[in-house]
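# Observations on chain architecture
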Amino acid sequence: MNLYLPIAEISLNVFVLVGMGAAVGFISGLFGVGGGFLITPLLIFYNIPPAVAVATGANQVIAASFSGALAHYRRGTVDLRLGTVLLIGGLFGSLAGVLLFTLLRRLGQLDLVVSLLYVVFLGGIGGLMLVESVQSILRSRSQGSGEVRRPGQHSWVHGLPLKMRFHRSKLYVSIIPVLLLGFLIGILAGIMGVGGGFIAVPAMIYLLRVPTSVVIGTSLFQIIFTAAATTILQAATNRTVDVVLAFLLMLGGVIGAQFGTQAGRKLRGDQLRALLALLVLAVGLRLGYETRRHAAGALHHHAADGRDRVRGGRRRRWFSRECVTALAAAGLMALFGSRGLAQEGIETFEIGLSTSTIQISSDFTGARLVVFGALDNADAKLLRQQRYDIVVALIGPRSPVVVREKERTFGLWINRGSETFDAAPGSYALAATRPLADVARQELRQRLSLGINDLRLDSASVPGAFGQPAPETPEEAKGQVNVSIAERRAKAAQAATVLSPDVVTVDDYAEALKRIREAKGLYNQSVGSVQFVSPTLFRADLYLPADLPTGTHMARAYLFRSGVFIRESSEPLYVRKSGFESYIDDMATRYGALYGVAAVLLAIFTGWFGRLVFKRD
């Protein structure tokens, strides 16, 4: 069963998402960690946009942290004073992390930085944990008594100024390292979407010498507020918190944590640490591998998120009520729509859509649009010879798009150059009676922007490089000078060319954008999907993907006679989110901070309710 995620704008399987949350919850219960360092990579692996994965991961951490902190508070194992000092540093760190997150996203380096941070931290901490746990296992087997550094011993940290007494932890230590630790955790929460427990717990034990019995509860207390601040800031600044996705992950996590806790009781502490270390290392290595192999095509679109394709069986309903209505309307067009022009001996035609509005709801997995048309005053002989051709294109809302070039440096793909296209269609679907090369010559296809290969993309840095070229002179602007499109494109390409032989041109960026969106299913074209159902009535079937962009789409139909363009007809198509999805999207857009607060409260309620249902103490 698929569910449409309103912020991620993607339709994914509900059971996979709940199962993912349950798996992370099981690991959280087994090892006593928040699981944020696992859920974000898993979401990225499942093709959730990294920006949404990070922000939603931070929201999901709150539920598990609140449930655990509540249990520790009842046991008296939370140092509220130490947690508050950590929290002060964490709040400033969260603000810095979200601002850095926004900057990296604008520069197009977010994916790389998030992956590298995960590789470095998971690899380093996993390696240290594995070494320590293996040594502990070997000591226990040999019954040796190796020297163990106990809480309460002093280190260089205890010599710093601005000391404060923490009675619950039995510490008298400087607040400087505590604030810095909280600040670091906040930055990691803002950039990586983690609670930071995998950093806070070892640092408090080995650096601050906090007793182990107090460490976990205090860490969870601080994580609640740091992750909450990160969630609100992400919702207010970047609009990347998907509360529907977060709730599904929380639901699975609450259930999985109960089984993980029961399984953890059957293993010794050193065995648990060894297994956790192997798990952390495995995730780090996988991310490192993905980082090295990413962008093998050297060019990528900054919003290429690999969303789901069209699924479901609804598109087999060929003649719905809307189709029949459109067919009847097309017949009326043929009879009465164009009589004035018919007397002049010029072919005319009109089109209609099977629906004027597509509503995106929770179960949206794609749609099929039928375009009907009626041809009037056509030459009967040419009709019998099949000399008329129809091309139908559905052009999505246009918006600026940044395409970035990747260069491999020290085994990693780093952004090198970029190109901005002012008004690239968010989607493009085309259907034709025959191959486009047989319908019209290339220069005509370029002028009409027909087909993916000849789709116009206007570059911001090279005016006129694509589509209708920018006028060279005032006379040309008035239409008094006839300069061919090929000549204008050649001039634009020449202006963009640098003497370096391996320079990437604007054409390369445009082709990369088309290739990426075609691979995602956003750009597609088919031959033979426009059919004449009678001598003068035709229909075209267009298949729309699950991640269809919202906004106003334009359906355009082009009439050709023996390769000569006759005329064009168009109709708008409105794609809107409806119901609960529309409400969530509107809240996130108009009231970002309030939406973030609601997401935090939902996570707290889920954690509390899960603790209430599965209460064990």
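Before reading further, recall that the structure is shown in the block above.
Small disclaimer: the values here were computed from a predicted structure and weren't measured. (Residues numbered from 1 in each chain as written. Predicted model: local features only at pLDDT ≥ 70, side-chain atom pairs only at ≥ 80, totals over all residues. Heavy atoms only, no water.)

## A word on the sheet that holds strand E8 (residues 367-376)
- One open sheet holds the 4 strands; their spatial order is E6-E8-E15-E14, and the pairing between them is antiparallel. Each of the sheet's edge strands pairs with one partner strand only, and the pair in question is strand E6 (348-353) and strand E14 (530-532). Strand-to-strand twist across the sheet, computed as the mean angle between neighbouring axes with direction ignored, equals 20 degrees.
- Pairing between E14 and strand E15 (residues 537-544): 3 bridges, direction antiparallel. Bridging from a neighbouring strand, phenylalanine 532 pairs with phenylalanine 538 of E15. (Pairing = 2+ DSSP bridges. Helix = DSSP H or I, 4+ residues; strand = E, 2+ residues; numbered from the N terminus. Axes fitted to C-alpha atoms, helices over the stretch in contact; angles between N-to-C directions.)

## Let's talk about the packing of helix H8 (residues 212-237) against helix H20 (residues 592-613)
- Two elements in contact, H8 and H20, have axes separated by 7 Å at closest approach and are oriented at 145 degrees. As for how H8 packs across H20, the hand of that crossing is right-handed. Of the residues in H20, those touching H8 at Ala228, Thr231, Ile232, Ala235 and Ala236 are Gly592, Ala593, Tyr595, Gly596, Val597, Ala599 and Val600.
- The class makeup of the residues in the contact of H8 with H20 is 9 nonpolar, 3 polar and no charged. (Left-handed = near helix turned anticlockwise from the far one by under 90°. Contact = heavy atoms within 4.5 Å. Nonpolar A, V, L, I, M, F, W, Y, C, P; charged D, E, K, R; others polar.)

## Quick look at the side chain of threonine 231
- Here threonine 231 lies in helix H8.
- Ignoring any residue separated from it by four or fewer positions in sequence, one finds threonine 231 in contact with Ala58, Asn59, Ile62, Val241, Gly596, Ala599 and Val600.

## A word on the sheet that holds strand E16 (residues 551-561)
- As summarised here, the arrangement of the 6 strands in space is E7-E17-E16-E9-E12-E13, forming an open sheet in which the pairing is mixed. Each edge of the open sheet is held by one strand with a lone partner, namely strand E7 (357-360) and strand E13 (523-527). Each strand axis lies, on average, 15 degrees off the axis of its neighbour in the sheet, ignoring direction.

## A few points about the nonpolar core
- In terms of nonpolar packing, the biggest core is built from 66 residues, with Leu5, Ile48, Met204 and Tyr595 touching the most fellow members.
- Leave out the neighbours within four places in its chain, and leucine 5 touches Ile10, Leu12, Leu17, Ile48, Asp242, Val244 and Leu245.
- If you look at the next biggest cluster of nonpolar residues, it comprises 30 residues, including Ala540, Leu544, Leu548 and Val575. (Core = buried A, V, L, I, M, F, W, Y, C linked by side-chain atoms within 4.5 Å. Buried < 20%, exposed > 50% of the residue type's maximum accessible area, 1.4 Å probe, protein only.)

## Description of the pattern of salt bridges
- Per the stated rule, a full pass over the model turns up 11 salt bridges.
- Of the charged contacts in the structure, one is a salt bridge between arginine 556 and glutamate 568, with a shortest N-O distance of 2.7 Å. You can see arginine 556 sitting in strand E16 and its partner glutamate 568 sitting in strand E17 (residues 564-577), a full 12 residues away along the chain.
- For arginine 556, a relative accessible area of 27% corresponds to the partly exposed category.
- The exposure class assigned to glutamate 568 is partly exposed, which follows from its relative accessible area of 36%.
- Linked through salt bridges whose partners overlap, the residues forming this network are Glu9, Arg239, Lys577 and Asp585. (Salt bridge = Lys/Arg side-chain N within 4 Å of Asp/Glu carboxyl O.)

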